[in-house]
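Spelled out, the chains give:
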Amino acid sequence: MVSSLDGRELQGNEYLRTDKALLISKVPEQFDLEIEVLIHPDKNTALEGLYHSGRLLCTQCEAEGFRRITYYPDRPDIMAVFTVSIEAEKADWPIMLSNGNLEQKGQLENGRHWVSWHDPHPKPAHLFAMVAGDLKPVSDVFTTCSGKRVDLHIWVEEKDLSYCDHAMVSLKNAMRWDEEVYGLEYDLDLYNIVAVDDFNMGAMENKSLNIGRPSQRPNFSGS
Amino acid sequence: MMAFREGLPATIRRVDYQTPDFTVTAVSLSVQIFSGRTDVTATLSFVRRGAAAAPLQLNGEQLRWS
């Protein structure tokens, strides 16, 4: 099975595939489309989509990277609710992050494990992110203006664990600033930052999963 | 985003804007990481917004059928 529409496998004459698009000629008013693809993050040198960045597996989807992960109407005026599950070898990829709240996690046979993430807020695909790698957290808690608890994690390589204190203080100050100046209360249970030397895009403010270099001054606004 | 990339992106003009024929309400993504390859299964919930005869057009680059 490669692609199915409302559970029915698509036949070869129902779609057209090019190197940049997938066209399905006849579809109903409302439907679910399931598509299985295979990608090669280790060979992805475009710095868009899912790729290996040093010892990390990470995404860069702004502006047009999500189309390198799956077939999608990759434009910013389409906003959807994302649920993401990630499965990998635990020894190689102990930490697996995506947008939103961590819903579930578990162990599989053969040393593999999985996590599932859910972001209840509709977002354009260019704000999708995932990261997998051997990262260590520096953690704290922020209490929002209405009293909600938000877990804060800055994920770094072990060698950088002692450099996160200022960033954590800055993050909490920025969240307070958003509340006091703009009336914006943080809207999830969790906020993750990944700060690794290997991230070659500089910095990317995805929904609840900022990715950047430790040397980069983080910009937390709007995320 | 602070990004540094080679070349200039293609110009997208506001005057050329057209509303999408379909919107996506929900994305369910299953990502399985293996050595040398990653399998991605996406379940996308579409709702038509445009003309009844409009085909579904999706972007995709460097994707292989599994």
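Residues numbered from 1 in each chain as written. Chains lettered and ligands numbered in written order. Predicted model: local features only at pLDDT ≥ 70, side-chain atom pairs only at ≥ 80, totals over all residues.

(A) Inspection of the overall build of chain B at higher detail. Helix and strand counts for chain B come out as 0 helices and 4 strands. Of the regular secondary structure in chain B, the N- to C-terminal order runs β-β-β-β. When burial is assessed residue by residue, chain B has 23% of its 66 residues classed as buried. The contacts in chain B between residues at least 6 apart in sequence include a share of 48% that link residues at least 24 apart. (Helix = DSSP H or I, 4+ residues; strand = E, 2+ residues; numbered from the N terminus. Buried ≥ 20, exposed ≤ 12 C-beta atoms within 10 Å, placed from the backbone. Contact = placed C-beta atoms within 7 Å.)

(B) Quick look at the overall build of chain A. When you go through chain A residue by residue, the secondary structure sums to 1 helix and 17 strands. The C-alpha radius of gyration computed for chain A amounts to 19 Å, which stays within 12% of the reference 17 Å derived for 223 residues, consistent with globular compactness. The dimensions of chain A, computed from C-alpha atoms along their principal axes, are 60 × 40 × 35 Å. Relative to all contacts within chain A whose residues are 6 or more apart in sequence, the contacts with residues 24 or more apart total 54%. (Rg over C-alpha atoms; globule rule 2.2 N^0.38 Å.)

(C) Examining the interface of chain A and chain B more closely. Opposite the 54 residues of chain A that make contact, chain B presents 43 residues. Breaking the side of chain A that touches chain B down by element, the ones donating at least two residues are β4 (21-24), β5 (30-39), β8 (79-89), β12 (130-133) and β16 (203-206) of chain A. With 10 residues, β5 of chain A is the single largest residue contributor to the side of chain A that touches chain B. In terms of residue class, the side of chain A that touches chain B is made up of 33 nonpolar, 7 polar and 14 charged. Examined bridge by bridge, β8 of chain A and strand β1 (residues 22-34) of chain B share 7 bridges and lie parallel to one another. Across the sheet, the residue bridging to Val84 of chain A is Leu29 of chain B, located in β1 of chain B. (Nonpolar A, V, L, I, M, F, W, Y, C, P; charged D, E, K, R; others polar. Pairing = 2+ DSSP bridges.)

(D) Representation of the sheet that holds β16 of chain A in the model. Residues and elements named next belong to chain A. Strand order in the open sheet formed by 5 strands is β13-β14-β15-β17-β16, and the pairing between neighbours is mixed. Each of the sheet's edge strands pairs with one partner strand only, and the pair in question is β13 (136-143) and β16. Averaged over neighbouring strand pairs, the angle between their axes works out to 15° when direction is ignored. Running over the sheet, helix α1 (residues 165-182) touches β13, β14 (149-156) and β15 (190-195) and is turned about 30° from β13. (Axes fitted to C-alpha atoms, helices over the stretch in contact; angles between N-to-C directions.)

(E) Structural detail: the nonpolar core. By size, the foremost hydrophobic cluster in this structure holds 66 residues, and its most contacted members are Ile86, Met130, Val131, Ala132, Val194 and Ile211 of chain A. The greatest single-element share of this core, amounting to 6 residues, is contributed by β1 of chain B. With sequence-adjacent residues up to four places away left out, Val194 of chain A is seen in contact with Leu97, Val131, Leu135, Trp155 and Ile211 of chain A. (Core = buried A, V, L, I, M, F, W, Y, C linked by C-beta atoms within 7 Å.)

(F) Expanded view of the pairing of strand β3 (residues 56-59) of chain B. Here β3 of chain B shows a clear split, with Leu56 and Leu58 of chain B buried on one side and none of Gln57 and Asn59 of chain B buried on the other. Inspection of the sheet shows β4 of chain A paired to β3 of chain B by 4 bridges, in the antiparallel sense. Residue pairing in the sheet places Ile24 of chain A in a bridge with Leu56 of chain B of β3 of chain B.

(G) Local environment of the sheet that holds strand β3 (residues 15-17) of chain A. If you walk across this open sheet you meet the 3 strands as β3(A)-β4(A)-β3(B), and the pairing is antiparallel. Two strands close off the open sheet at either side, each with one partner strand: β3 of chain A together with β3 of chain B. Recorded for the sheet is a direction-independent mean angle of 15° between the axes of neighbouring strands.

(H) Layout of the environment of Val27 of chain B. With respect to the element layout, Val27 of chain B can be found in strand β1. Classification of Val27 of chain B as buried rests on a count of 23 C-beta atoms within 10 Å. Residues Val27 of chain B and Leu44 of chain B, spaced 17 residues apart in sequence, show a C-alpha to C-alpha distance of 4.8 Å. If near-sequence neighbours (up to four positions away) are discounted, Val27 of chain B is found in contact with Ala80 and Phe82 of chain A together with Ala42 and Leu44 of chain B.

(I) Structural view of the confidence of the model for chain B. Residues of chain B with pLDDT of at least 70 account for 88%, and the chain-wide mean is 89. Predicted complex, confidence summary: ipTM 0.94, pTM 0.93. (pLDDT = per-residue confidence, 0-100.)

(J) Focus on the pairing of β15 of chain A. Residue and element names in this part refer to chain A. With 5 of its 6 residues buried, β15 lies for the most part within the structure. Here 5 bridges tie β14 to β15, and the two strands are oriented parallel to one another. Across the sheet, the residue bridging to Leu152 is Tyr191, located in β15. Regarding the hand of the β-α-β motif, the stretch spanning β14, α1 and β15 is left-handed. Two strands pair when backbone bridges link them, and β15 and strand β17 (residues 209-212) are joined in this way by 4 bridges, in the parallel orientation. Paired with Val194 across the two strands is Ile211, which belongs to β17. (Right-handed = clockwise from strand over helix to strand, strands pointing away.)

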